[in-house]
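So you can see what is in the structure, the chains are spelled out below.
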Amino acid sequence: MSCLKADSFHHTFFFVTKFNFFFAAFVAQAETLDPDVIFLQEANFAGSYARRLAEAERAVAEGADKPLLALSFQDEQHGLVAGAFNLLLRTEDGGRHWRSVAASLDNPKAAHLYALARRGQTLLIAGEQGLVLHSEDGGVHFQRSALPYEGSFFTAAVEADGAWLVAGLRGNAYRSRDGGRSWQALSEVAPVGITAATQDTRGRLWLVNQAGEVMTPKGDHALTTLARTTAQQPGA
């Protein structure tokens, strides 16, 4: 069983703060078999503690240099920003102060977080390596959703009818109508990255890709191209 050298105490807290980063480690009350040794209740705590400590020390050493890639606000005061290497920051005072909530995410590889999507209390996070996280309480707690694709997702949407959609690398797009328990692939128009999604005032979903195409879902199984632009094409 893993153990930690310490004085005789029941709870240990470790905090590192700089550039709005906040990392915490907590040792629950544990059985003391020796006055100078506290055996940890969780067998894997030492590894998790060491990983978070290493991440905190790296963040402090590198400073505020991580790209911010997505933004979502619930109202004027409450919002989230997401970015590279599992960066997720929350504000509750309109952006005057931010704190990290990255430790609440099931993202052990620190995959980049590319997209945030919100409707009501439902919040989606999409990222690299097939990462999709969802919250039903406005971003207080997140759960990971398993998808049949391990490539990166660059955009996400919570549709007007409650369906979830994520899309990204090589035109891969998936929709869930049961809260992330199952996902249906939407056949791609072109095998190029889907980079953004938005909804109009009628709730219709629009997506764009790196080929300059504007698309919309057609039923539950496909995307259809409605327009092709030339502005971003080579030689145009």
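Not measured: the values here are computed from a predicted model. (Residues numbered from 1 in each chain as written. Predicted model: local features only at pLDDT ≥ 70, side-chain atom pairs only at ≥ 80, totals over all residues. Heavy atoms only, no water.)

Participant: Go over the environment of Tyr114 with me, naming the residues and quoting the values.
Facilitator: Inspection of the secondary structure puts Tyr114 in strand β9 (residues 113–119). Considering only alpha carbons, one finds Tyr114 and Gly127, 13 residues apart in sequence, at a separation of 4.8 Å. With residues near it in sequence (within four places) discarded, Tyr114 still touches Leu69, Ala70, Ala126, Gly127, Glu128, Ser152, Phe153 and Phe154. (Helix = DSSP H or I, 4+ residues; strand = E, 2+ residues; numbered from the N terminus. Contact = heavy atoms within 4.5 Å.)

Participant: Kindly report on the packing of aromatic side chains, identifying the contributing residues and their values.
Facilitator: Considering all chains together, one arrives at 6 aromatic pairs under this definition. Ring centres 5.3 Å apart and planes at 70° place the aromatic pair Tyr114 and Phe154 in the edge-to-face group. Residue Tyr114 is found in strand β9, and its partner Phe154 is found in strand β13 (residues 153–158); the two are separated by 40 residues along the sequence. Assessed through its relative accessible area of 23%, Phe154 is described here as partly exposed. Residues Tyr149 and Tyr174 carry aromatic rings whose centres are separated by 6.1 Å and whose planes lie at 25° to one another, so their mutual orientation is stacked. Taken together, the residues span a long stretch of sequence, with Tyr149 in the loop between β12 (143–144) and β13 and Tyr174 in strand β15 (residues 173–176) at a distance of 25 residues. (Phe/Tyr/Trp six-rings, centres within 6.5 Å; stacked < 30°, edge-to-face > 60°. Buried < 20%, exposed > 50% of the residue type's maximum accessible area, 1.4 Å probe, protein only.)

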